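Coordinate inspection notes
Here's the letter readout for the chains.
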Amino acid sequence: MKKLFFLFLAMAGLSPGQDVLFSDINPSNFNQDFSEYHQKTALFCAQISEVVCWNERNIEILKPQVNQNYPENKITYALIDDSYGIHHNQVLLWANKDFMVIAFRGTEPIIANFLKIKQSY
């Protein structure tokens, strides 16, 4: 049953509810002129920050769909999942030939551990 379900996900791709995310991560929305605020660039970065929380299987589904819909700006990515000791950090490098966005997240399993680390600074 699990294999059948996985194949269904791979064939279906993103759900229709993800259309907003999909249009927001159009690479042409990313403005490389950082002299002033740009709403579409902010949305692009916010959506990539959401994607860093996904598991890699879902990112693998997203990437070809982005590349199919925006062939002039082929995207590549690398997900670095660093889970050693008490730390669990993830970094997503989302790039095309013109720019790279580095989105990251880190979690502490116990808030007390986070507070101890903060106090040591």
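Here the structure is a predicted model, which means the values were calculated and not measured. (Residues numbered from 1 in each chain as written. Predicted model: local features only at pLDDT ≥ 70, side-chain atom pairs only at ≥ 80, totals over all residues. Heavy atoms only, no water.)

A look at a nonpolar patch on the surface
Rule in force here: Residues enter patches when they are more than 30% accessible in relative terms and free of salt bridges; like-charged ones are connected within 9 Å and nonpolar ones (Val, Leu, Ile, Met, Phe, Trp, Tyr) within 5 Å. Throughout, the Shrake-Rupley method with a 1.4 Å probe supplies accessible areas, and for residues the shown protein chains are the sole cover considered. The term salt bridge refers to a pairing of a side-chain nitrogen on Lys or Arg with a carboxyl oxygen on Asp or Glu at a separation within 4 Å. Secondary structure elements follow DSSP: runs of H or I of four or more residues count as helices, runs of E of two or more count as strands, with numbering from the N terminus. A 1.4 Å probe rolled over the protein chains alone gives each residue an accessible area, and that area as a share of the maximum for its type sets the label: buried under 20%, exposed over 50%, partly exposed in between.
A contiguous nonpolar patch, built from M100, I102 and F104 and spanning about 360 Å² of accessible area, is present on the exposed surface. Following the sequence through the fold, I102 ends up in strand β3 (residues 100–107). The exposure class assigned to I102 is exposed, which follows from its relative accessible area of 52%.

Regarding the packing of aromatic side chains
For the record, the criterion: The pairing test for Phe, Tyr and Trp rings, Trp by its six-membered ring, is centres within 6.5 Å, and the orientation test on the planes gives stacked under 30 degrees, edge-to-face over 60, and tilted for anything in between.
Summed over the entire model, instances satisfying the criterion amount to 5 aromatic pairs. Look at F30 and F99: their rings are 4.1 Å apart centre to centre, the planes differ by 15°, and that puts the pair in the stacked class. Taken together, the residues F30 in the loop between α2 (19–24) and α3 (39–51) and F99 in the loop between β2 (88–95) and β3 connect sequence positions 69 residues apart. The same class applies to F30 as to F99, namely buried. Taken together, the ring pairs in this structure connect F30, F34, F44 and F99 into an aromatic cluster.

Re the side chain of T41
Where we set the bar: Residue contacts are defined here by distance: any two heavy atoms, one from each residue, within 4.5 Å place the two residues in contact.
Here T41 shows up in helix α3. Under the relative-accessibility criterion, T41 is labelled buried at 8%. The contact partners of T41, leaving out residues within four places of it in the chain, are N29, F30 and N31.

A word on the nonpolar core
The nonpolar side chains of soluble globular proteins are, as a tendency, buried together. The condition that has to hold: Only buried residues count toward a nonpolar core. Its members are Ala, Val, Leu, Ile, Met, Phe, Trp, Tyr and Cys residues joined through side-chain atoms within 4.5 Å.
One finds L62, L92 and W94 to be the most contacted residues of the largest nonpolar core, which totals 21 residues. Residue assignment for this core shows that the elements contributing at least two residues are α2, α3, α4 (56–69), β1 (76–82), β2 and β3.

Remarks on α3
This is how the line gets drawn: What a helix should span is 1.5 Å times the count of its residues minus one. The directions considered for the arc are those from the helix axis to the C-beta atoms.
When the terminal C-alpha atoms of α3 are compared, their 19 Å separation across 13 residues agrees well with the 18 Å that a helix rising 1.5 Å per residue should span. Restricting attention to buried positions, one finds in α3 the residues T41, F44, Q47, I48 and V51. Down the axis of α3, the buried set is contained in an arc of 130°. They therefore lie on one face.

Quick notes on the environment of N26
To keep things clear, this is the line we draw: Here a polar contact is recorded for every N or O atom pair within 3.5 Å, except that within protein the pair must consist of a potential hydrogen donor and a potential acceptor, and residues adjacent in sequence are included only if both atoms are side-chain atoms.
Topologically, N26 is positioned in the loop between α2 and α3. Spatially, the C-alpha atom of N26 lies 7.6 Å from that of F44, the residues being 18 residues apart in sequence. Not counting residues up to four positions away in its chain, the partners in contact with N26 are F44 and Y70. A polar contact of 2.9 Å, which involves the side chain of N26, links it to the side chain of S28.

Observations concerning the side chain of D24
Rules: This count recognises Lys and Arg as positive and Asp and Glu as negative, with His and chain-terminal groups excluded.
Locating D24 in the fold gives a position in helix α2. The buried charged residue D24 lacks any salt bridge partner; its closest oppositely charged side chain belongs to K40, at an N-O distance of 8.3 Å. A polar side-chain atom of D24 sits 3.0 Å from a polar atom in the side chain of Q47. The contact partners of D24, leaving out residues within four places of it in the chain, are N29, L43, F44 and Q47.

Any functional reading would require information that these geometric values do not contain.
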